[in-house]
Amino acid sequence: MILIKNGRLIDPKSNRDEITDIVIKDGRVKEIGKITDETNYSEVIDATNKVVCPGLIDVHVHFRDPGFTKKEDILSGAKSAARGGFTTVVCMANTKPVVDNVETLNYINEKVKEACINVLQVGSITKSFRGKELTNFEELLENGAVGFSDDGIAIMDTDILYEAMKKAKELDVPISLHEEDSNFIETAGVNDSEIAKKLGLKGGAKTCAEDIMVARDCMIALETGAKVSIQHISSGVSVEAVRFAKSLGAKVYAEAAPHHFTLTEEDVLKHGSLAKMNPPLRTMKDKQTIIEGLKDNTIEIIATDHAPHTIEEKNRAFAACPSGIIGLETSLALGITSLVKEEHLSMMSLLEKMTINPAKLYNLDRGYIEEGAIADILVFDADEQWVVRDFDSKSSNSPFIGEKLLGKVKYTISEGNIVYTDK
Ligand SMILES: [Zn+2]
């Protein structure tokens, strides 16, 4: 049995915010309330002046396993997640081979058993990410997939996407979409503006590359009634499109990544390839509109798009290096530093977007703390400043190295086991 003493319990599902104690037994929350007898516990965690909340959930990570395990694998990714306060993550399907078949899914199913947190996997929407033929949704779901995504590339064929959404609606699973039309991209990973020119490029990724896809897919979501997640929203116009679609009744969710509400395109000049990701960092106005979207709940989910790459890969010339940055170990602190400290969001609202909202998208019985619930719990110090230096991820491609952030993970507890302790 574990006792968490005297912490500030913040549970967005119940809106609970109070100082209390929590008892964990057999992987579940046994009791919440004042505990006076501290004997008989294998561990007593003093959470005085700390926040105790549900373990974080990230619906968008790349653990590169199978196929690219030099960058990350399921076990190292899980460790990185635990250090960031996450107890559940959803892996994308752009591995090698792509997760479009049961054999690959079974390999992943075996490996996640060894992971220190709950690692879930989506299947791809189309075979080999080619956008031409749907995978067998039923079969992949029966074998453990939790949803579907071709994250990494957009699905251009509206007929295929319409069929995918109809099927997803029938099966009550989410479809997650990477929204970029490559026809409007000269060089990926940088906004199409003066910044791209300063890098010596002919052009970058136009905002409308994202906007037209988001607008289109919001309307297909409206037509089909499917639960659709717009991944890593980066454009202000796209935020407006999601807001409009929601007002019409579309079941559209949007995910914002910490880098998109913290950085702007100017940071590409500062950090080079470490600030290259798809979709790219945009203008200050885009960033402000994303923050507005987070505030009025147009954007209900914060997800990292944790995308590890090796130093060698990131050292290539800007146009030739792969897009993406790691994010699991800085996500909570960026939320606190960029959103809570700046008074855009309350702590409750930030945590809602990192716990119960992502759980709802994937129909998970997680992301909340109450008696009887799975004991996925995070203890953090909201006021502790720290400098980003090293990572438990295999990769270190982060533009936040050297940054002073607020909010430090102290303990991560996954299904009743302490899987990370800050030393
Ligand atoms: Zn993506």
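Thresholds, definitions, all that
Residues numbered from 1 in each chain as written. Predicted model: local features only at pLDDT ≥ 70, side-chain atom pairs only at ≥ 80, totals over all residues. Heavy atoms only, no water. Helix = DSSP H or I, 4+ residues; strand = E, 2+ residues; numbered from the N terminus. Rg over C-alpha atoms; globule rule 2.2 N^0.38 Å. Buried < 20%, exposed > 50% of the residue type's maximum accessible area, 1.4 Å probe, protein only. Pairing = 2+ DSSP bridges. Donors = N, O, S within 2.8 Å, 3.2 Å for Na, K, Ca; no water. Disulfide = S-S within 2.5 Å. Expected span 1.5 Å × (residues − 1). Arc of directions from axis to C-beta. Contact = heavy atoms within 4.5 Å. Core = buried A, V, L, I, M, F, W, Y, C linked by side-chain atoms within 4.5 Å.

A. The overall build of the protein chain, seen in detail. For the protein chain, the helix and strand inventory stands at 14 helices and 16 strands. A globule of 423 residues ought to have a C-alpha radius of gyration of about 22 Å, and the protein chain, at 21 Å, matches this closely. Its C-alpha atoms give the protein chain principal-axis dimensions of about 65 × 45 × 45 Å. Counting only residues that meet the buried cut, the protein chain has 63% of its 423 residues in that class.

B. Structural view of the sheet that holds strand 12 (residues 252-256). Taken in spatial order, the five strands of this open sheet run 9-10-11-12-13, and their pairing is parallel. Single-partner strands in this sheet number two, and they are strand 9 (148-149) and strand 13 (301-302). Sheet topology note: the strand 10 (residues 175-177)/strand 11 (residues 228-230) ladder contains three bridges and is parallel. Looking at strand 11, one finds that L177 is bridged to I230.

C. View of the coordination of the zinc ion. On the protein side, the zinc ion has D151 (OD), H178 (ND1) and H232 (NE2) as donor atoms, found 1.9 to 2.2 Å from it. Along the chain, the residues donating to the zinc ion fall in the pattern D-x26-H-x53-H. Separated by 81 residues along the polypeptide, D151 in the loop between strand 9 and helix 4 (158-171) and H232 in the loop between strand 11 and helix 7 (236-248) bring together distant segments of the chain. Like H232, D151 is buried.

D. The arrangement of the state of the cysteines in detail. As enumerated under the stated definition, the model contains zero disulfides in all. Not engaged in a disulfide, the cysteine C53 finds its nearest cysteine sulfur in C116; these two sulfurs lie 17 Å apart.

E. How the structure looks around helix 4. Compared with an ideal rise of 1.5 Å per residue, which puts 14 residues at 20 Å, helix 4 spans 20 Å between its outermost C-alpha atoms and is within 8% of the ideal. Listed as buried for helix 4 are I160, L161, A164, M165 and A168. Each buried residue of helix 4 lies within a common arc of 130° when the element is viewed along its axis, so the set occupies one face. Contact partners of the buried residues in helix 4: helix 3 (137-142), strand 10, helix 6 (207-224) and strand 11.

F. Summary view of the nonpolar core. Counting 90 residues, the largest nonpolar core has V89, V119, L332, M347, L350, L351 and F380 as its most contacted members. Among the elements that line this core, the one with the most residues is helix 4, at five residues. Aside from chain neighbours lying at most four places away, what touches V89 is D58, V61, F63, A81, I117, N118, V119, L120 and L328. Ranked by size, the runner-up nonpolar core spans 19 residues in total, among them A196, L263, L281 and F318.

G. Representation of the pairing of strand 15 (residues 404-414) within the structure. The buried fraction of strand 15 is high, at ten of eleven residues. For strand 14 (residues 377-387) and strand 15, the ladder comprises eight bridges, and the chain directions are antiparallel. The residue of strand 15 that forms the bridge with I377 is I413. Sheet analysis places strand 15 next to strand 16 (residues 417-421), joined by four bridges and oriented antiparallel. The partner of Y411 across the bridge, within strand 16, is T421.

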